[in-house]
Amino acid sequence: MNLIAAVDKNWAIGKNNQLLVRIPMDQKFFRETTTGKVVVMGRKTLESFPNGLPLKNRTNIVLTRNKNYKVNDAIIVHSMEELHEELKKYNSEDIYIIGGEQIYKALVDECDVAHITKIDYAYDADAYFPNLDEKPEWRIVADSEEQTYFDLEFYFYKYEKVK
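Summarised in this report is the structure supplied together with it. Everything numeric in this text was worked out from a predicted model, so none of it was measured.

Below, the discussion takes up unusual backbone geometry. The step from G99 to G100 runs through a cis peptide bond, and the omega angle for that step is 0°. Examined against the element boundaries, G100 turns out to sit in the loop between strand 7 (95–99) and helix 4 (101–107). For N16, which is not glycine, the phi dihedral falls at a positive 50°. Take N16: its relative accessible area is 57%, and that puts it in the exposed class. A positive phi angle, close to 60°, is found at N51, a residue other than glycine. Along the chain, N51 turns up in the loop between helix 2 (43–47) and strand 5 (59–63).

Moving on to the layout of surface pockets. The gaps left among the atoms become clear once a water-sized probe is rolled over them. By volume, the largest pocket is sized at about 1300 Å³. Around the largest pocket sit 47 residues that line it, and T45, S48, I98, G99 and G100 are the ones nearest its centre. Taken together, the elements giving at least two residues each to the lining of the largest pocket come down to strand 1 (2–7), strand 2 (12–15), strand 3 (18–19), helix 1 (24–34), helix 2, strand 7 and helix 4. With six residues, the single largest contributor to the lining of the largest pocket is helix 1. When its residues are assigned to classes, the lining of the largest pocket shows 19 nonpolar, 16 polar and twelve charged.

On to empty space enclosed by the protein. Across all of its chains, the model carries one cavity of 30 Å³ or more by this definition. The calculated volume of the largest cavity comes to roughly 30 Å³. Taken together, A6, A12, I13, L19, L20, V21 and I119 make up the lining of the largest cavity. Its residues placed into classes, the lining of the largest cavity shows seven nonpolar, no polar and no charged.

Definitions and limits used
- Residues numbered from 1 in each chain as written.
- Predicted model: local features only at pLDDT ≥ 70, side-chain atom pairs only at ≥ 80, totals over all residues.
- Heavy atoms only, no water.
- Helix = DSSP H or I, 4+ residues; strand = E, 2+ residues; numbered from the N terminus.
- Buried < 20%, exposed > 50% of the residue type's maximum accessible area, 1.4 Å probe, protein only.
- 1 Å grid on protein atoms, 1.4 Å probe; cavity = no way out; pocket = protein on both sides within 12 Å on 5 of 7 lines; lining within 4 Å.
- Points joined across faces, edges and corners; volume = space filled by probe spheres on them.
- Nonpolar A, V, L, I, M, F, W, Y, C, P; charged D, E, K, R; others polar.

Take a look at the structure:
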């Protein structure tokens, strides 16, 4: 399975259920990487999307404890066990964990690849991604040249878990 996220220099990912910043190149990379794939998210992440709607051209799986939660064009699961049963239907390489904080923390150890956009700025935040640089089992296998969006500098990194 894969993780995909944009993080700041403190591995922050959000504040008040919103992204810290929207960078068109990062959003394009996310869209191109996940289109046609399976995306796994928590309810709050889904609700942060435009109109709270699932992402187009992807299989959306939403994990929520709310047994009455319903969303058109999404598969709703209510426990990690139910999620794992659902994920057995798909090729592991086609599964992308897209947030938020609780979902990343719950599934990071089950993933093999992480696509991380690192933004060279520290934001005021209340949600964080697990710091892969502090986890000895993860290593950077690819990185981009410095990218810029107005005055923001950012880099695309690909991490892989050491087998």
